[in-house]
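Listed below are the residues making up each chain.
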Amino acid sequence: MKELTVEANVKHLDEILAFIDEIIAPYPCDPTIKFQLELSLEEIYVNIAYYAYPNDIGTTTIRSNVHQVENKPPLLVMEIHDQGTPYNPLEHEGPDIGLTAEEREIGGLGIFIVKNSMDNLSYRYQDNNNIFTVEKYLA
Amino acid sequence: MTITTNRESDQVTLLISGRIDSNTSTELQDALLQTIDSTYNVVLDFAEVSYISSAGLRVLLIGHKSISAKAGSMTIKNISSMVLQVLETVGFDKVLSLG
């Protein structure tokens, strides 16, 4: 399992995307899947950067690995940790995408995109850590 | 991300190139709202947009609402399949004008 810890600040976005790119680099990966991985990681990380630490500067740790299982495509696992306000993204109420543009509210799309882009999602709160795990088959 | 502005009669086209993410979306929002201030007809040319996240989607909805409020129009054209997939995921293909 490889690990990266950075300050939870949007300015480090390119650094964490490069970290995941490096992990999947040895595996053939469809460009659409790579796009979805980067997109989901950005949404999760930015959510932490904006909301997890309202009163101080915190960090985010990403632990990631690729699992090889016989007869299945490689599976990328990303665990995103923060020590901020307890927040279960799986309980996030998604937008009503049937509304008109005028009725749609600005924002609130990030976690909805993650839920629709990844294959498996789970959340746990452990030892004062929010731990959001997302998994995606690379083919 | 870079933004190139082309003005032809009453239509302004913003040719956007690169990634529209949490770091670049503010620049796009500033350029788009500034353009909407001076015209009723905006085209966003996405031919060279390789990536968009919710930060960029937010800007598109803000732009759409702003120009609709003055009875103008904003059209997004030349969208790549991967960017279109994001727009479709959040239902923006139904609420924005895609050319």
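Draft legend 1. Summary view of helix α3 (residues 81–89) of chain B. Looking only at α3(B), the buried set comprises B:V83, B:V86 and B:L87. The buried residues of α3(B) all sit within an arc of 100° when viewed along its axis, so they share a single face. Along its buried surface, α3(B) packs onto α2 (31–51) and α3 (110–117) of chain A together with β3 (41–52), α2 (54–69), α4 (92–95) and β5 (97–98) of chain B. Following α3(B) by one or two positions, B:G91 adopts a phi angle in the positive range, close to 80°.

Draft legend 2. Inspection of the sheet that holds strand β2 (residues 11–20) of chain B at higher detail. Residue and element names in this part refer to chain B. Spatially, five strands are ordered β1-β2-β3-β4-β5 in an open sheet, and the strand pairing comes out mixed. The two strands at the open ends of the sheet, each matched to only one other strand, are β1 (2–8) and β5. Both β2 and β3 contribute to a ladder of nine bridges, which runs parallel. Note on β3: the bridge partner recorded for R19 is Y51.

Draft legend 3. Region of interest: the packing of aromatic side chains. Summed over all chains, the structure comprises two aromatic pairs over all chains. Here A:F35 and B:Y51 contribute two aromatic rings whose centre-to-centre distance is 5.2 Å and whose plane-to-plane angle is 45°, an arrangement assigned as tilted. Of this pair, A:F35 sits in helix α2 while B:Y51 is found in strand β3, placing the two residues in two different chains. Owing to a relative accessible area of 1%, B:Y51 belongs among the buried residues under this scheme. Geometrically, the ring pair formed by A:Y50 and A:Y51 is edge-to-face, given 6.2 Å between the ring centres and 75° between the ring planes. A relative accessible area of 57% means that A:Y51 is categorised as exposed.

Draft legend 4. Focus on the layout of surface pockets. The calculated volume of the largest pocket comes to roughly 680 Å³. What lines the largest pocket is a set of 30 residues, among which A:E43, A:V46, A:N47, A:Y50 and A:Y51 lie closest to the centre. Where the lining of the largest pocket is concerned, the elements lending two or more residues are α2, β3 (75–82), α3 and β5 (129–137) of chain A together with α1 (25–38) and α2 of chain B. When residues in the lining of the largest pocket are grouped by element, the largest group, seven residues, is from α2(A). A per-class count over the lining of the largest pocket returns 15 nonpolar, twelve polar and three charged. Computed from the structure, the second largest pocket encloses a volume of approximately 170 Å³. Taken together, A:H92, A:E93, A:G94, A:P95, A:D96, A:L99, A:E103, A:R104, A:E105, A:I106, A:G107 and A:G108 form the lining of the second largest pocket. Its residues assigned to classes, the lining of the second largest pocket shows three nonpolar, four polar and five charged.

Draft legend 5. Structural view of the interface of chain B and chain A. Listed per partner, the contact involves 25 residues of chain B and 29 residues of chain A. Of the roughly 2100 Å² buried where chain B meets chain A, counting both sides, 62% is carbon and sulfur surface. Residue A:E38 pairs with B:R19 through a salt bridge whose shortest N-O separation is 3.1 Å. Run the count over chain B and chain A and you get eleven residue pairs in polar contact (both at pLDDT 80 or more). Sorting the residues of the side of chain B that touches chain A by element identifies β3, α2, α3 and α4 of chain B as the ones contributing at least two each. Counting residues per element, the side of chain B that touches chain A draws most heavily on α2(B), at eight residues. Looking at the side of chain B that touches chain A residue by residue, the classes come out as eleven nonpolar, ten polar and four charged.

Draft legend 6. Layout of the nonpolar core. By size, the foremost hydrophobic cluster in this structure holds 34 residues, and its most contacted members are B:L44, B:F46, B:L57, B:L60 and B:F92. In terms of residue count, the dominant contributor to this core is β3(B) (six residues). Residue contacts for B:F92: discarding those within four places in its chain leaves A:R104, A:L109, B:L57, B:L61 and B:L87.

Draft legend 7. The arrangement of the packing of α1(B) against α2(B) in detail. All names here are of chain B. Between α1 and α2, whose axes approach to 9 Å, the crossing angle comes to 10°. Taken together, the axes of α1 and α2 are roughly parallel relative to one another. On the side of α1, the interface is formed by S25, L28, Q29, L32, L33 and I36, while α2 contributes A55, G56, R58, V59, I62, G63, S66 and I67. Tallied by class, residues from the contact of α1 with α2 come to eight nonpolar, five polar and one charged.

Draft legend 8. Up close: the pattern of salt bridges. On inspection of all chains with the given rule, the structure shows five salt bridges over all chains. Its salt-bridge partner being A:E38, residue A:K34 comes within 3.1 Å of it at the nearest N-O pair. Of this pair, A:K34 and A:E38 both sit in helix α2, four residues apart, which is roughly one turn of the helix. Taken together, the salt bridges that share partners define one network made up of A:D21, A:K34, A:E38 and B:R19.

Conventions and cut-offs
- Residues numbered from 1 in each chain as written.
- Chains lettered and ligands numbered in written order.
- Predicted model: local features only at pLDDT ≥ 70, side-chain atom pairs only at ≥ 80, totals over all residues.
- Heavy atoms only, no water.
- Buried < 20%, exposed > 50% of the residue type's maximum accessible area, 1.4 Å probe, protein only.
- Helix = DSSP H or I, 4+ residues; strand = E, 2+ residues; numbered from the N terminus.
- Arc of directions from axis to C-beta.
- Contact = heavy atoms within 4.5 Å.
- Pairing = 2+ DSSP bridges.
- Phe/Tyr/Trp six-rings, centres within 6.5 Å; stacked < 30°, edge-to-face > 60°.
- 1 Å grid on protein atoms, 1.4 Å probe; cavity = no way out; pocket = protein on both sides within 12 Å on 5 of 7 lines; lining within 4 Å.
- Points joined across faces, edges and corners; volume = space filled by probe spheres on them.
- Nonpolar A, V, L, I, M, F, W, Y, C, P; charged D, E, K, R; others polar.
- Buried area = accessible area lost by both parts, 1.4 Å probe.
- Salt bridge = Lys/Arg side-chain N within 4 Å of Asp/Glu carboxyl O.
- Polar contact = N/O pair within 3.5 Å; in protein donor to acceptor, adjacent residues only side chain to side chain.
- Core = buried A, V, L, I, M, F, W, Y, C linked by side-chain atoms within 4.5 Å.
- Axes fitted to C-alpha atoms, helices over the stretch in contact; angles between N-to-C directions.
- Parallel < 35°, antiparallel > 145°, perpendicular 65-115°, else oblique.

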